[in-house]
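Now for the letters of each chain:
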Amino acid sequence: MGNLTQTQIVELAAHLETAELEAYEVTKVTDDFPDMTYEDAFDIQWEIRRRKEARGNKIVGMKMGLTSWAKMAQMGVEYPCYGFLADYFSVPDGGEIKHSELIHPKIEAELAFVTKAELKGPGVHIGDVLRATDFVMPAVEVIDSRYKDFKFDLKSVIADNSSSSRFITGGRMAAPEELDLKTLGVVMEVNGEVVQTGAGAAVLGHPAASVAMLANMLGERGESLPAGSFIMIGAITAAVPVEPGDNFTVHYQGLGSIGGRFV
Ligand code: OOG
Ligand code: MG
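Quick caveat: nothing in here was measured; it's all calculated off a predicted structure.

### Some words on the coordination of the magnesium ion (ligand 2)
And then number 1: On the protein side, the magnesium ion (ligand 2) has E108 (OE), E110 (OE) and E141 (OE) as donor atoms, found 2.0 Å from it.
And then number 2: Counting gaps between the donor residues of the magnesium ion (ligand 2) yields the pattern E-x1-E-x30-E. Highlighted residues: E108 in strand β4 (residues 106-115) and E141 in strand β5 (residues 133-143), separated in sequence by 33 residues.

Here it is as structure tokens:
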């Protein structure tokens, strides 16, 4: 059930998307619309997606967010969210990310699943996800909340496409049966210094649980993950703020490493 009108949804989508495209901070949408519901928040996110597609952007994947305790504790929000990834969010491995195009970016060590069969909730579980997974590969997300001081509640962050802004993928792909996804270790370095370490189980106990949750959340809107979907599972460790000039490398146990530089 929603409490906002279609006009308000469209206006809030324009407001948040313009802040993204022009890289400026705005106040939380729940400050002005305290009665908005989760359905309203997702309606705003889906309207932002519609705007981008109408402009010719392609949607190239989905992401889960706030799936690890490290992230939930860092942001003070205790339930996961999802967002979409547009084509222009993609940065090549080893590439440069223009800090000036963003507001207050942070980097996150994640993993991505690429599927070979449709996943449609409700009722999707880890087993369904593993059977539908073509391969798993390293991914780093650059998040950039449009909200002032990177502070939000769950409804506000959902409306803001869950802070999505850039992502990098690369390294080695592996079939899920080749990996122990729970113990798969990640090491994040910024400017040559180790800043975060973690293992796959930090994400909802098992990385595939994140993909299952996404399929089930999408199912509530009658949407699904078609075969060939690229899905980021959410940060395994806390996110790390970055400044112009910073370079980063994330090492993935058995899957190589990926990195980039903020300019
Ligand atoms: C929300 C998005 C979180 C993740 O991987 O946990 C996220 C935020 O913290 O800004 O992408
Ligand atoms: Mg993320």
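### Considering the environment of E96
And then number 1: Structurally, E96 is set in strand β3 (residues 96-97).
And then number 2: By relative accessible area, E96 is classed as partly exposed at 49%.
And then number 3: Counting along the chain gives 151 residues from E96 to N247, while the straight-line C-alpha distance between them is 9.0 Å.
And then number 4: With residues near it in sequence (within four places) discarded, E96 still touches V91, R261 and V263.

### Re the packing of aromatic side chains
And then number 1: Per the counting criterion, the structure on display carries six aromatic pairs.
And then number 2: Residues F42 and Y82 carry aromatic rings whose centres are separated by 4.6 Å and whose planes lie at 20° to one another, so their mutual orientation is stacked. You can see F42 sitting in helix α3 (residues 38-54) and its partner Y82 sitting in strand β2 (residues 81-86), a full 40 residues away along the chain. One exposure class covers both F42 and Y82, and it is buried.
And then number 3: Joined through ring pairs, the aromatic side chains of F84, Y88 and F89 make up one cluster.
And then number 4: Positioned above the aromatic ring of F150 is the side chain of K106, whose terminal nitrogen or guanidinium carbon lies 4.0 Å from the ring centre.

### Considerations on the nonpolar core
And then number 1: Counting residues in each nonpolar core, the largest one holds 86 residues, and the members touching the most others are I44, Y82, I107, L111, L225 and Y252.
And then number 2: With eight residues, helix α7 (residues 207-219) is the single largest residue contributor to this core.
And then number 3: When residues no more than four places from it in sequence are discounted, the contact partners of I44 are L4, I9, L12, A13, L16, M36 and A159.

### Side note on α3
And then number 1: The end-to-end C-alpha distance of α3, which contains 17 residues, comes to 24 Å, matching closely the 24 Å that a straight helix rising 1.5 Å per residue would cover.
And then number 2: Those residues of α3 lying buried are D40, A41, F42, I44, Q45, W46, E47, I48, R49 and K52.
And then number 3: N-cap assignment for α3: the residue whose side-chain oxygen lies 3.3 Å from the backbone N of E39 is T37.
And then number 4: Where α3 ends, the next residue or the one after it, G56, has phi of about 105°, a positive value.

### Looking at unusual backbone geometry
And then number 1: The step from G121 to P122 runs through a cis peptide bond, and the omega angle for that step is 5°.
And then number 2: Here P122 shows up in the loop between β4 and α5 (126-132).
And then number 3: Although it is not a glycine, N161 sits at a positive phi angle of roughly 50°.
And then number 4: With respect to the helices, strands and loops of the structure, N161 is situated in the loop between α6 (154-159) and β6 (164-169).

Reading the values: rules and limits
- Residues numbered from 1 in each chain as written.
- Chains lettered and ligands numbered in written order.
- Predicted model: local features only at pLDDT ≥ 70, side-chain atom pairs only at ≥ 80, totals over all residues.
- Heavy atoms only, no water.
- Donors = N, O, S within 2.8 Å, 3.2 Å for Na, K, Ca; no water.
- Helix = DSSP H or I, 4+ residues; strand = E, 2+ residues; numbered from the N terminus.
- Buried < 20%, exposed > 50% of the residue type's maximum accessible area, 1.4 Å probe, protein only.
- Contact = heavy atoms within 4.5 Å.
- Phe/Tyr/Trp six-rings, centres within 6.5 Å; stacked < 30°, edge-to-face > 60°.
- Lys NZ or Arg CZ within 6 Å of the ring centre and 35° of its normal.
- Core = buried A, V, L, I, M, F, W, Y, C linked by side-chain atoms within 4.5 Å.
- Expected span 1.5 Å × (residues − 1).
- Polar contact = N/O pair within 3.5 Å; in protein donor to acceptor, adjacent residues only side chain to side chain.

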